[in-house]
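# Structural overview
Residue-level listing of the chains:
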Amino acid sequence: MKHLLKSCTAVLACLSFATQVIAAEPLKTLGKGEGAVSIVAWAGYIERGESDKNYDWVTGFEKETGCKVSVKTAATSDEMVALMNEGGFDLVTASGDASLRLVAGKRVQPINTDLIPSWKNLDERLKNAPWHTVNGVHYGVPYLWGPNVLMYNTAAFKDQAPKSWNVVFEETTLPDGKSNKGRVQAYDGPIYIADAALYLMAHKPELGIKDPYELNEDQYKAALELLRGQRKLVSRYWHDAMIQTDDFKNEGVVASGSWPFQVNLLQADKQKIASTFPDEGTTGWADTTMLHADSEHPNCAYMWMEHSLQAKVQGDAAAWFGAVPSVPAACKGDELLTDSGCATNGYDHFDKIKFWKTPVAKCSTQSECVPYHRWVSDYIGVIGGR
């Protein structure tokens, strides 16, 4: 929980969404590379073949451009916001619950899409997505997207995919005849409150929740109560993908919300692991590569943004993480992703995923909603048993 507490001050400091965002001037022309580019990224997003020699989209870029890539892995969106507030980085692969905070906090700058030739190849569903576009101005380049899946141990579930998120939210006996208590995990980030709200949308329709990120006081209270009950079941609140995979291998964890990345790693290790889309639906993430307002290497950063949209990079990255590429052309002909990879990873489920976004007080589905700074402080309380 220390990383969460550390980032709270930074998170709360940039939540002024009431003021209109005024766009700075984007780069006009592309110059010579500065020799380096630093990226804050999710685990598995920037690979140079160290984990698996087949997955490397950094080495070739460095040889071609002379821009040496350095990566700082972040475990949560709040950590990404905190790191970008501290400065010293050029790019960040921000999810929708961080991107608009970075724009509002003036930590990222508008981009000139004319300097990114492959922009034209983007999925039309993403080009003007609200998590990176403000008043018609683009603040980043779409990278990858996908669902938060329910990962489970096939032995514990007797090869029967769980149909509901109830296996992580409510105490129940699993198909192996044992209770789920102490055998499940939950995500260590305030945005996880939306997962509880999504579950309640299906199981308590009388609450009237229309959007899991837009909750009035009563809806929000119900979500917190569900999470407080879940606290009695959870063995760990995870935020490190590698620690979660170890917990599934060695600590008896059998079910949790997760990313396809962990599912792929465990299956490659011949573990009895699978994932599913429960009946209630899923939350998810659509990530954007955004340029720091004070980037010291903007030319190399633009070169990386263009590189990140190459079909080969998109396909390989999507295959490694278990995500969906933002460039549809990557869905065919990529040896690692295969021609069925996009469908497997959720390409056709775009409209069914409730993508992460920052909760704000002035919401669209009702008169007033609980803003994100409340989510931050209250989720710390939930994790702490309060």
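The numbering scheme is per chain: residues are counted from 1 as the chain's sequence reads. Since the coordinates come from a predicted model, pLDDT governs what is reported: local features require at least 70, and pairs of side-chain atoms require 80 or more to be given and counted, while whole-chain, interface and lining totals use all residues. As a convention, hydrogens and water are excluded, and side-chain values are obtained from all of the structure's heavy atoms.

## Remarks on the sheet that holds strand S7 (residues 149-153)
Reading across the sheet, the 5 strands line up as S9-S8-S10-S7-S11 and stay open at both edges, with mixed pairing between neighbours. Here the strands that pair on one side only, and so sit at the sheet edges, are strand S9 (234-238) and strand S11 (273-276). Put simply, the sheet's adjacent strands are angled 30° from each other on average, direction ignored. Paired strands are those between which DSSP finds at least two bridges. By the criteria applied, helices consist of DSSP H or I runs no shorter than four residues and strands consist of E runs no shorter than two, each listed in order from the N terminus. As paired elements, S7 and S11 share 4 bridges and run antiparallel to each other. Residue pairing for S11: Met151 is matched across the bridge by Ser275. Helix axes are fitted only over the stretch in contact, all axes being lines through C-alpha atoms; the angle between N-to-C directions runs from 0 to 180 degrees.

## Considering unusual backbone geometry
Phi is positive for Lys106, close to 60°, though the residue is something other than glycine. Structurally, Lys106 can be placed in the loop between helix H4 (96-104) and helix H5 (124-127). At Asp159, a residue that is not glycine, the phi angle is positive and equals roughly 60°. With respect to the helices and strands, the residue Asp159 is situated in the loop between S7 and helix H6 (166-169).

## Some words on the packing of helix H7 (residues 193-203) against helix H8 (residues 217-231)
Taken N-terminus to C-terminus, the directions of H7 and H8 make an angle of 105°; their axes are 9 Å apart at the nearest point. Viewed along their axes, H7 and H8 adopt a mutual orientation that is roughly perpendicular. Judged by residue contacts, Ile193, Ala196, Ala197, Tyr199 and Leu200 of H7 engage Tyr220, Ala222, Ala223, Leu224, Leu226 and Leu227 from H8. An angle counts as roughly parallel when it lies under 35 degrees, as roughly antiparallel when it exceeds 145, as roughly perpendicular when it falls between 65 and 115, and as oblique in every other case. Whether two residues touch is decided by their heavy atoms; if any such pair falls within 4.5 Å, the residues are in contact.

## Regarding the confidence of the model for the chain
One confidence number per residue, pLDDT, is output by the predictor and ranges from 0 to 100. Model confidence for the chain is summarised by a mean pLDDT of 93, while 94% of its residues fall at 70 or above. A low-confidence stretch, residues 1-21 (pLDDT under 50), is modelled with 48 contacts involving residues beyond four sequence positions or located in other chains.

## Points about the pairing of strand S12 (residues 282-291)
Every regular strand shows the same layout, with side chains that alternate between the two sheet faces. Exposed residues in this analysis have more than 50% of their type's maximum accessible area, buried residues have under 20%, and partly exposed residues fall in between, with area computed by a 1.4 Å probe over protein chains only. Counting buried positions along S12 yields 10 of 10 residues, so the element is predominantly enclosed. With burial as the criterion, each face of S12 is covered, one bearing Thr282, Gly284, Ala286, Thr288 and Met290 and the other bearing Thr283, Trp285, Asp287, Thr289 and Leu291. Sheet analysis places strand S3 (residues 91-94) next to S12, joined by 4 bridges and oriented antiparallel. Across the sheet, Thr93 pairs through a bridge with Thr289, a residue of S12. The sheet contact formed by strand S6 (residues 141-147) and S12 spans 5 bridges and is antiparallel. Directly across from Trp145, in S12, lies its bridge partner Ala286. Pairing analysis gives 3 bridges linking S12 to strand S14 (residues 353-355), with the strands arranged parallel. Pairing of Gly284 across the sheet is with Phe355, part of S14.

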